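# Architecture at a glance
So you can see what is in the structure, the chains are spelled out below.
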Amino acid sequence: MLLTRLDVSRPPAGWSAALPLVRHLEAYGLTFTDRVTFVVGDNGSGKSTLIEAIADVCGINSEGGKAGTRYASTGIPSPLGEALDAELTATGLKLLRGPRRKRRGFFFRAETLFNLGQNVSGMPGFWEDDLTEQSHGEGFFTVLDRMVSGPGLYLLDEPEAALSFRSCLRLLGLMHRVSLEGGQIICATHSPILAGLPGAQIIELGEHGIQATRWEELQLVDDWRRFLAKPDFYLRYVTEDG
Ligand SMILES: Nc1ncnc2c1ncn2[C@@H]1O[C@H](COP(=O)(O)OP(=O)(O)OP(=O)(O)O)[C@@H](O)[C@H]1O
Ligand SMILES: [Mg+2]
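Given the structure is predicted, the values throughout are model-derived calculations rather than measurements.

## Here's the deal with the overall build of the protein
- Each helix and strand counted, the protein has eight helices and ten strands in total.
- For 242 residues, the compact-globule formula gives about 18 Å, and the C-alpha radius of gyration of the protein, at 18 Å, lands near that figure.
- The burial tally for the protein puts 50% of its 242 residues in the buried class.
- Excluding contacts between residues fewer than 6 apart, the proportion of contacts in the protein whose partners are at least 24 apart in sequence is 71%.
- Total accessible area on the protein stands at roughly 12300 Å², and carbon and sulfur atoms take up 52% of it.
- Computed over 24 positive and 30 negative side-chain charges, the separation of the two mean positions in the protein equals 8 Å.

Okay, structure coming up:
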């Protein structure tokens, strides 16, 4: 493990202060117990806010990209990141706070990946291929295979966005391998496939704040189970008035 705990040491500024996630962090902090952690929760529950803040506090560009590298950026720091303290292991200190060129971490942010690709494709330490010449999902794997590998901290925000069922399974295999190679992964997801990685820590964000949970108990797993069992029921629900 590289990152074992987050605590809020200063009052968070701006809009993030009111999020249940942030109030929970202020009261209890958050402990990472496994090499892979999934962050789940509905739209707007704060998954990206948390992942961006972890990126900031671990020295990885919060707009996506590699540890120890700077890009053209809007320069807006994550308000939660500025309030957080990270507890790092000796390995974490070496790989995230050591000499810039030896840092190992990557923030795979699905929504801005192709912007990042325009800046760094072909640069040393990144990937060779031009993402604009690949399909959406192929581009994702070009980046994931190259950048999420070996010891390091890997932050993923909805990496399933462009992936088919089978590609999600391939990503599951990649995550498992990286965890055995000494990497740590923290992944925000809506995918019941990814969250199903055996042995991973799962935290669910919601009105309650942060709750540790198990795959079998996840709302999103229950929703998918019900939908796959009876899609007609849901179709009636969304097409019928009232
Ligand atoms: N720059 C901002 N200014 C004001 N509010 C913001 C800002 N960024 C996020 N928020 C709010 O913080 C809340 C959490 O947003 P966040 O993007 O973290 O959710 P999420 O769980 O990642 O959702 P999704 O599943 O849609 O990606 C939302 O209610 C959002 O409106
Ligand atoms: Mg998000």
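Back to the text.
## Considering the sheet that holds strand β9 (residues 201-206)
- Ordered by their spatial adjacency, seven strands build an open sheet running β4-β6-β7-β8-β3-β9-β10, and the pairing between neighbours is mixed. If you trace the sheet from one side to the other, it starts and ends with β4 (65-66) and β10 (209-213), each paired once.
- In the packing of helix α1 (residues 20-28) onto the sheet, contacts are made with β9 and β10, and the angle to β10 comes to roughly 75°.
- Of the strands in this sheet, β4, β6 (105-109) and β7 (152-157) are in contact with helix α5 (residues 136-147), which crosses β6 at around 165°.

## Let's talk about the site of ligand 1
- Near ligand 1 you find W15, L19, D42, N43, G44, S45, G46, K47, S48, T49, E158 and H190, and these make up its full shell.
- A distance of 3.2 Å is found between a nitrogen atom of ligand 1 and a side-chain nitrogen or oxygen belonging to W15.
- Computed on the free molecule, ligand 1 has an accessible area of 640 Å², of which 57% lies beneath the protein chains in the complex.
- A per-class count over the shell around ligand 1 returns two nonpolar, seven polar and three charged.

## What to know about the sheet that holds strand β5 (residues 84-88)
- Taking strand neighbours across the sheet as the criterion, the three strands line up as β2-β1-β5 in an open arrangement whose pairing is antiparallel. Edge strands, defined here as strands with exactly one partner in the open sheet, are β2 (30-31) and β5.
- Where strand β1 (residues 3-8) lies against β5, five bridges are found, and the strand directions are antiparallel. For L3, the partnering residue across the bridge sits in β5 and is L88.

## Digging into the pattern of salt bridges
- Tallying each qualifying case throughout the model produces eight salt bridges.
- Between D145 and R170 there is a salt bridge whose closest N-O contact spans 2.7 Å. Pair noted here: D145 is in helix α5 and R170 is in helix α6 (residues 165-180), with a separation of 25 residues, a long-range link.
- Residue class for R170 comes out partly exposed when judged on its relative accessible area of 45%.

## Description of the packing of aromatic side chains
- Going through the model one piece at a time under the given rule, you end up with six aromatic pairs.
- Considering the side-chain rings of F126 and W127, the 5.8 Å spacing of their centres and the 80° angle between planes classify their relative orientation as edge-to-face. For the pair shown, F126 and W127 are each scored as buried.
- For the pair F233 and Y234, a centre-to-centre distance of 5.5 Å together with 85° between the ring planes defines the contact as edge-to-face.
- For F233, a relative accessible area of 43% puts it in the partly exposed group.
- With a relative accessible area of 25%, Y234 lands in the partly exposed category.

## Looking at the environment of V178
- Along the polypeptide, V178 turns up in helix α6.
- Placed 27 residues apart in sequence, V178 and P151 show a C-alpha to C-alpha distance of 7.4 Å.
- When near neighbours in sequence (up to four residues on either side) are disregarded, V178 contacts V148, S149, G150, Y154, G183 and I185.

## A few points about the side chain of E204
- Topologically, E204 is positioned in strand β9.
- The buried charged residue E204 lacks any salt bridge partner; its closest oppositely charged side chain belongs to K47, at an N-O distance of 9.8 Å.
- Leaving out residues up to four positions away in the same chain, E204 has contacts with V40, G209, I210, Q211, T213, L218 and Q219.

## Points about the environment of T4
- Residue position: T4 is located in strand β1.
- Of the residues examined, T4 reaches a relative accessible area of 19% and is grouped as buried.
- For the pair formed by T4 and T89, sequence separation is 85 residues and the distance between their alpha carbons is 7.0 Å.
- Sequence-distant contacts of T4, defined by excluding residues within four places in its chain, comprise L30, T31, F32, E87 and T89.

Criteria and cut-off values
- Residues numbered from 1 in each chain as written.
- Chains lettered and ligands numbered in written order.
- Predicted model: local features only at pLDDT ≥ 70, side-chain atom pairs only at ≥ 80, totals over all residues.
- Heavy atoms only, no water.
- Helix = DSSP H or I, 4+ residues; strand = E, 2+ residues; numbered from the N terminus.
- Rg over C-alpha atoms; globule rule 2.2 N^0.38 Å.
- Buried < 20%, exposed > 50% of the residue type's maximum accessible area, 1.4 Å probe, protein only.
- Contact = heavy atoms within 4.5 Å.
- Areas by Shrake-Rupley, 256 points an atom, 1.4 Å probe, with all protein chains shown as cover.
- Lys, Arg positive; Asp, Glu negative; His and termini not counted.
- Charge placed at Lys NZ, Arg CZ, Asp CG, Glu CD.
- Pairing = 2+ DSSP bridges.
- Axes fitted to C-alpha atoms, helices over the stretch in contact; angles between N-to-C directions.
- Near = heavy atom within 4 Å.
- Polar contact = N/O pair within 3.5 Å; in protein donor to acceptor, adjacent residues only side chain to side chain.
- Nonpolar A, V, L, I, M, F, W, Y, C, P; charged D, E, K, R; others polar.
- Salt bridge = Lys/Arg side-chain N within 4 Å of Asp/Glu carboxyl O.
- Phe/Tyr/Trp six-rings, centres within 6.5 Å; stacked < 30°, edge-to-face > 60°.

No statement about biological role is implied by the geometric values presented.
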